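As a plain string of letters, each chain reads:
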Amino acid sequence: MNINHAHLEVAFSLSIDELKKQNLPAHLKKRWARAAAKAKERLVEQPFFAWQPQALLIVSVPSDATSEIGCRFYEANELTCRRVDKSGLCEAFFEGFPCWHRAAFLLLKIYFGETSANSSNGVENEFSPLEKNCQPKLTPLVDTSANRS
Ligand SMILES: [Zn+2]
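Residues numbered from 1 in each chain as written. Predicted model: local features only at pLDDT ≥ 70, side-chain atom pairs only at ≥ 80, totals over all residues.

Engineer: Outline the overall build of the chain, supporting the account with residue identities and numerical values.
Structural biologist: Across its full length, the chain holds six helices and five strands. Shown N-terminal to C-terminal, the secondary structure of the chain runs as helices and strands in the order α-α-β-β-β-β-β-α-α-α-α. Considering only contacts within the chain whose residues lie at least 6 apart along the sequence, 51% involve residues at least 24 apart. (Helix = DSSP H or I, 4+ residues; strand = E, 2+ residues; numbered from the N terminus. Contact = placed C-beta atoms within 7 Å.)

Laid out in structure tokens, this is it:
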């Protein structure tokens with residue numbers, strides 16, 4: 001499937017805003033921001049994933065520099081990240097660090113407007129950041145890219 005770049009960009013900036021509000025040590029925030037930036041890049045360049053509200057199945061294509069044969073398969077959500085092809089945990093997750101797989105899960109959660117997590121604590125389900133708040137911002141973005149090409 002193809003990712004809408006402008007929507008992904010909005011999801012990315014929303015996730016960074018959200019990250020700033022989190023009560024996390026600065027170095028972890030930095031790592032999350034880096035993971036989110038990498039996730040954004042990968043989702044555009046290698047949109048090989050299957051999204052479900054509970055978990056994201058995503059393929060990581062090794063760069064040419066590594067001698068690894070085949071791809072890595074990860075299943076990530078807010079709480080955990082594990083390797084599906086090796087039946088183990090994601091290395092970064094295992095070491096207690098943010099990884100881009102989980103960041104990708106969070107980005108796509110915003111991207112697809114999945115708000116079920118909020119609906120349980122009384123928040124109305126009409127919250128739809130992509131459609132309402134961000135549409136005015138999207139339009140100029142789309143226009144400039146169209147003119148450039
Ligand atoms: Zn991971």
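Engineer: Tell me about the environment of Val-44, and name the residues and values.
Structural biologist: As for its position among the elements, Val-44 is in helix α2 (residues 26-45). Val-44 gets classed as partly exposed once you count the C-beta atoms within 10 Å, which come to 14. For the pair formed by Val-44 and His-5, sequence separation is 39 residues and the distance between their alpha carbons is 7.2 Å. Leave out the neighbours within four places in its chain, and Val-44 touches Ile-3, His-5 and Leu-8. (Buried ≥ 20, exposed ≤ 12 C-beta atoms within 10 Å, placed from the backbone.)

Engineer: Lay out the pairing of strand β3 (residues 72-76) in plain terms, naming residues and giving numbers.
Structural biologist: Across five bridges, the pairing between strand β2 (residues 56-60) and β3 is antiparallel. Looking at β3, one finds that Ile-58 is bridged to Tyr-74. (Pairing = 2+ DSSP bridges.)

Engineer: Before we move on, could you go through α2 and cite the residues and values that matter?
Structural biologist: Taking 1.5 Å per residue, 20 residues should reach 28 Å; α2 reaches 29 Å between its end C-alpha atoms and fits that length. Regarding α2, the residues found buried are Trp-32, Ala-35, Ala-36, Ala-39, Lys-40, Arg-42 and Leu-43. The inward-facing, buried residues of α2 contact α1 (5-21) and α4 (100-111). (Expected span 1.5 Å × (residues − 1).)

Engineer: Tell me what's going on with the nonpolar core, and back it up with residues and numbers.
Structural biologist: Residues Ala-39, Ala-103, Ala-104 and Leu-107 are the most contacted members of the largest nonpolar core, which totals 26 residues. Listing elements by their share of this core, those giving two or more residues are α1, α2, β2, β3 and α4. With nine residues, α4 is the largest single contributor of residues to this core. Beyond its immediate chain neighbours, meaning those up to four positions away, Ala-104 contacts Ala-39, Arg-42, Leu-43, Leu-56, Ile-58 and Ala-76. (Core = buried A, V, L, I, M, F, W, Y, C linked by C-beta atoms within 7 Å.)

Engineer: Tell me what's going on with the sheet that holds β2, and back it up with residues and numbers.
Structural biologist: The strand order β1-β2-β3-β4-β5 describes an open sheet built from five strands, whose pairing is antiparallel. Looking at which strands have only one partner, the edges of the open sheet turn out to be β1 (49-51) and β5 (88-89). The pairing of β3 with strand β4 (residues 81-83) spans three bridges and is classified as antiparallel. Bridging across to β4, Glu-75 finds its partner in Arg-82.

Engineer: Break down α4 for me, citing the residues and quoting the values.
Structural biologist: Helix length check: α4 (twelve residues) gives 16 Å between terminal C-alpha atoms against 16 Å at 1.5 Å per residue, within 8%. Burial analysis of α4 places twelve of its twelve residues in the buried class, the great majority of the element. Trp-100, His-101, Arg-102, Ala-103, Ala-104, Phe-105, Leu-106, Leu-107, Leu-108, Lys-109, Ile-110 and Tyr-111 are the residues of α4 that are buried. Close packing links the buried residues of α4 with α1, α2, β1, β2, β3 and β4.

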